[in-house]
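Fold and geometry: a report
The lines below spell out each chain.
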Amino acid sequence: MDAATHRASTDTPPPAHEPDAARARLDAALAAARAALADQQDKEGGWTASTTADSTWHAAVDILVHHLLDAVDPVRTAGQRAWIAVRQNDDGGFVRRADGPSDLSCTVLAHAALQLVGHTEDGELLDRAARFVRRHGGIDAADAEPARFWLAFTGAVPWDRTVPLPPELLLLPAWTSDAGPGPKARAVAAAVGVLGSVRPVRELRVDTAPLTVTDSTRPALRAVAATAAPRTAHVLARRSPGPLRRTALREAEHLLLDGQDGEETGGGDPVATAVRALALWALGHGTRHPAVGAALRPADGDGVPRVPARSSTAGDTALVLRALAAAGDRAGSDPVVDRAVDRLLPHRTYPTTGTGAGPDSPAYAPDLNGTPDPDGTALVLTALDRVGAPRSRETDTVVAAGVRRLLARQAAHGGRSGHGVRRRFPPGGRALARAGFLTPASPVVTAHVVEALCAEGYAWHPVVRRAVRLLLADQAVEGFWEDHRHGRPYATTQVLLALDAAGVGAGHLAVEGAMEWL
C-alpha cells in the first residue's frame with residue numbers, strides 16, 4: 001500500500017450512524033446515572049457518600065498499636081499482613097494508597113509491621129523493601145521522620161531521633177486562643193507532647209539494621225544534620241522546670257479527655273485516634289478506657305482499617321450538583337437539583353469554640369480540626385454557580401461570606417488543605433507536620449478554591465494567582481498532580497478544571513502534559 005492510499009484509508013470518516021449510536025449510548029448512561037442519583041438522594045435533598053480509602057500507613061500503625069497495647073488479634077493480623085504485602089511496588093517500596101508512588105516513611109513502617117506479624121516466609125519481600133529504603137537515604141533520612149516517631153515506641157529508634165514537641169507549647173496563646181488551631185489539632189499536639197515527654201518504650205522485635213545506610217560515601221555533614229537538630233531540641237525540652245512540665249502534662253491530659261464521646265476520638269482518622277490513645281495509655285489510662293479502646297475497635301472483615309474519604313453531606317451534595325450541572329441539569333428545571341440547592345443553603349455549622357468563625361462564615365463542612373472546611377465551602381460555592389441557583393438575599397449573603405472566608409485563609413505559598421492551611425504554623429506546628437500529623441497543601445483543595453473564586457469573578461485576585469502558580473509548579477514531570485488523599489486521575493482532572501477557570505488555556509504546556517498523561 002503506497003503512502004497516498006494509506007492516508008486515504010486512515011482519513012476515511014466512520015459511517016454516519018456511528019456517532020449517533022455513540023451519542024445514544026452516552027445519553028442512556030447519563031439517564032441511568034441521573035436515576036441512580038435521584039434514588040440515593042435523602043429526604044432533605046442531600047447526598048452522603050459512604051466511601052472509604054485504604055491506606056498501607058494506617059494498617060501498619062494499627063499493627064504497631066495492637067502490639068504495644070498487647071491486644072493482638074491473629075485473624076486481624078493475618079488479614080493485615082496479606083493486605084500490606086500486595087501493596088509493594090516493583091521498586092521494593094510500599095505505597096500509602098493503592099495507586100500512589102513508593103513512599104520512604106511508609107516503607108520503613110511497613111517493613112517493621114511485617115516483622116511484628118511474623119512475615120518471614122517471604123524474605124525477598126523484606127529484602128526488596130530494605131534496599132529501597134537504603135537507596136533513598138535510609139531510616140535516618142528526613143523523609144523517614146514520621147516512621148521514626150512510631151518506631152520509637154518499640155525501642156528500635158531512640159526518642160532523641162524523633163522531633164520533640166514540648167507539651168509546654170500548648171500553654172501558649174497561639175494554641176489556646178480562638179484564632180489558634182482547632183480541637184483536633186490541639187488534641188493531636190497534646191498527644192505528641194505527652195509521648196515525647198513520657199517516652200514510653202515497649203521493646204518489640206523490630207530490626208532496623210537492614211534499613212540503615214552504612215555506605216562511607218554518604219555525606220558526613222548530612223548524616224550529622226539528620227540527628228543534631230532533634231537531639232538539641234530534646235536536650236532543651238528536658239530542661240523544662242518540673243512544675244511547668246507537670247502543669248503542661250495536666251493540661252494535655254484534660255485536652256485529650258475533653259470532648260471524648262466514647263467512639264469518635266480522632267475525627268474518623270485512625271492515626272489521630274491511635275496517637276491520642278497511646279498518649280492516654282502512657283499517662284496510665286488502661287485499655288478499658290473508651291478513648292484507648294477506640295484504637296482497638298474491630299476493623300472491616302479483612303482486618304484493614306479504612307478511613308472515611310468524605311463525611312460531609314454538604315460536600316457530597318455539592319459534588320453531585322457539579323456532576324449534574326456538567327450533564328446539563330439546572331436549578332428550576334429539575335426537582336432533584338432544586339431540593340439539593342435548598343439543602344445546601346441552610347446547611348451551615350458555626351463551631352462555638354476554637355475557630356474564630358462567626359455567623360458570617362459559612363462552615364458548610366467543618367473539618368476534623370473544627371474549623372470551617374475550605375474544600376467544602378469551595379465545592380458548595382461552585383455547585384451553586386454551576387446549577388444556576390436563583391439569586392436571593394440569602395444566596396448572596398452565603399456566597400459573599402464564603403468568598404471572604406476563602407480569600408482570608410491561604411498559606412503563604414498559595415496552597416490550601418482540607419484541614420485549613422493557616423498563614424503561619426503555631427509554635428511546634430512544623431514539628432507536627434514533619435511527623436506526619438499536619439497535612440501539606442492539597443492540589444485538589446487548592447484547585448477547588450481556585451475554581452470557586454473564579455466562578456465569583458476573582459480570577460484577577462492575588463490569592464488566585466498565587467494558587468495557580470503553586471499548582472503549575474507542583475505538576476509532576478509526567479504530567480499528573482499528586483495528592484495525599486486522592487488518586488492521580490482525580491487530582492489531575494480537578495486541577496485542569498481550576499486552570500481552565502483561571503484562564504490557563506488548552507495550549508499551555510502544563511495542560512497539554514496533563515491531557516497527554518490522562
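Residues numbered from 1 in each chain as written. Predicted model: local features only at pLDDT ≥ 70, side-chain atom pairs only at ≥ 80, totals over all residues. Heavy atoms only, no water.

Comments concerning the overall build of the protein chain
- Check the secondary structure of the protein chain and you find 22 helices and four strands.
- The buried share among the 518 residues of the protein chain stands at 49%.
- Long-range pairs, those at least 24 residues apart, make up 72% of the contacts in the protein chain between residues at least 6 apart in sequence.
- Surface summary for the protein chain: the accessible area is close to 23,700 Å², and the carbon and sulfur share equals 55%. (Helix = DSSP H or I, 4+ residues; strand = E, 2+ residues; numbered from the N terminus. Buried < 20%, exposed > 50% of the residue type's maximum accessible area, 1.4 Å probe, protein only. Contact = heavy atoms within 4.5 Å. Areas by Shrake-Rupley, 256 points an atom, 1.4 Å probe, with all protein chains shown as cover.)

Description of the nonpolar core
- Core analysis: the biggest nonpolar cluster contains 70 residues, and V108, F149, W150, V275 and F437 have the highest contact counts within it.
- A per-element tally of this core places helix α5 (residues 104-116) first, with nine residues.
- Residues contacting F437, with those up to four places away along its chain left out, are F149, W150, V188, V192, V271, V275 and L432.
- Ranked by size, the runner-up nonpolar core spans 49 residues in total, among them W47, V336, V450 and A452. (Core = buried A, V, L, I, M, F, W, Y, C linked by side-chain atoms within 4.5 Å.)

Regarding the environment of R391
- Here R391 is to be found in the loop between α16 (374-386) and α17 (393-408).
- Separated by 2.6 Å, the side chains of R391 and D396 make a polar contact. (Polar contact = N/O pair within 3.5 Å; in protein donor to acceptor, adjacent residues only side chain to side chain.)

A short note on the pattern of salt bridges
- Scanning the entire structure with this criterion turns up 16 salt bridges.
- With a closest N to O distance of 2.9 Å, R76 and D62 form a salt bridge. Highlighted residues: R76 in helix α4 (residues 74-85) and D62 in helix α3 (residues 56-68), separated in sequence by 14 residues. Of the two residues examined, R76 and D62, each falls in the buried class. (Salt bridge = Lys/Arg side-chain N within 4 Å of Asp/Glu carboxyl O.)

Remarks on the packing of helix α21 (residues 488-501) against helix α22 (residues 509-517)
- One way to put it is that α21 packs onto α22 with a least axis distance of 11 Å and a crossing angle of 150°. You can see that α21 and α22 cross each other, and the crossing is left-handed. Note on element contacts: α22 touches α21 through V511, A514, M515 and W517, opposite R488, P489, T492, L496 and L499.
- Across the contact of α21 with α22, the residue classes tally to seven nonpolar, one polar and one charged. (Axes fitted to C-alpha atoms, helices over the stretch in contact; angles between N-to-C directions. Left-handed = near helix turned anticlockwise from the far one by under 90°. Nonpolar A, V, L, I, M, F, W, Y, C, P; charged D, E, K, R; others polar.)

Focus: α16
- With 13 residues, α16 should reach 18 Å at 1.5 Å per residue; the first-to-last C-alpha distance of 18 Å fits that figure.
- Burial within α16 is extensive, with 11 of its 13 residues counted as buried.
- Of all the positions in α16, only P374, D375, G376, T377, A378, L379, V380, L381, T382, A383 and L384 are classed as buried.
- The first or second residue beyond α16 is G388, which carries a positive phi of 65°. (Expected span 1.5 Å × (residues − 1).)

Here we look at the confidence of the model for the protein chain
- Per-residue confidence for the protein chain gives a mean pLDDT of 77, with 73% of residues at or over 70.
- In this model residues 1-10 is a low-confidence stretch, pLDDT under 50, and it forms two contacts with partners more than four residues away in sequence or in other chains.
- Scored below 50 in pLDDT, residues 306-310 makes 22 contacts in the model with residues more than four places away or belonging to other chains. (pLDDT = per-residue confidence, 0-100.)

Details of the packing of helix α19 (residues 443-455) against α21
- Contact pair α19 / α21: the axes reach a minimum separation of 8 Å and the direction vectors enclose 25°. In terms of orientation, α19 and α21 fall into the roughly parallel class. As α19 runs across α21, the sense of the crossing is left-handed. Contact residues: α19 offers P443, V444, A447, H448, V450, E451 and C454, while α21 offers Y490, A491, Q494, V495, L497, A498 and A501. (Parallel < 35°, antiparallel > 145°, perpendicular 65-115°, else oblique.)

Some thoughts on the side chain of Q41
- With respect to the helices, strands and loops of the structure, Q41 is situated in the loop between α2 (17-40) and β1 (52-54).
- Among the polar contacts listed, one links the side chain of Q41 to the backbone oxygen of G45, at a separation of 2.9 Å.
- Only 2.9 Å separates the side chain of Q41 from the side chain of R339, close enough to count as a polar contact.
- Apart from the residues lying within four places of it in its own chain, the contact partners of Q41 are G46, W47, V336, R339 and A340.

Digging into the packing of aromatic side chains
- Within this structure, the stated rule accounts for seven aromatic pairs.
- Consider the rings of F149 and W150, whose centres lie 5.4 Å apart with planes at 85°: the pair is edge-to-face. By the burial criterion, F149 is buried, and W150 matches it.
- Among the residues examined, F149 registers a relative accessible area of 3% and is labelled buried. (Phe/Tyr/Trp six-rings, centres within 6.5 Å; stacked < 30°, edge-to-face > 60°.)

Concerning the environment of V198
- Within the fold, V198 resides in helix α9 (residues 183-198).
- Aside from chain neighbours lying at most four places away, what touches V198 is A282 and L283.

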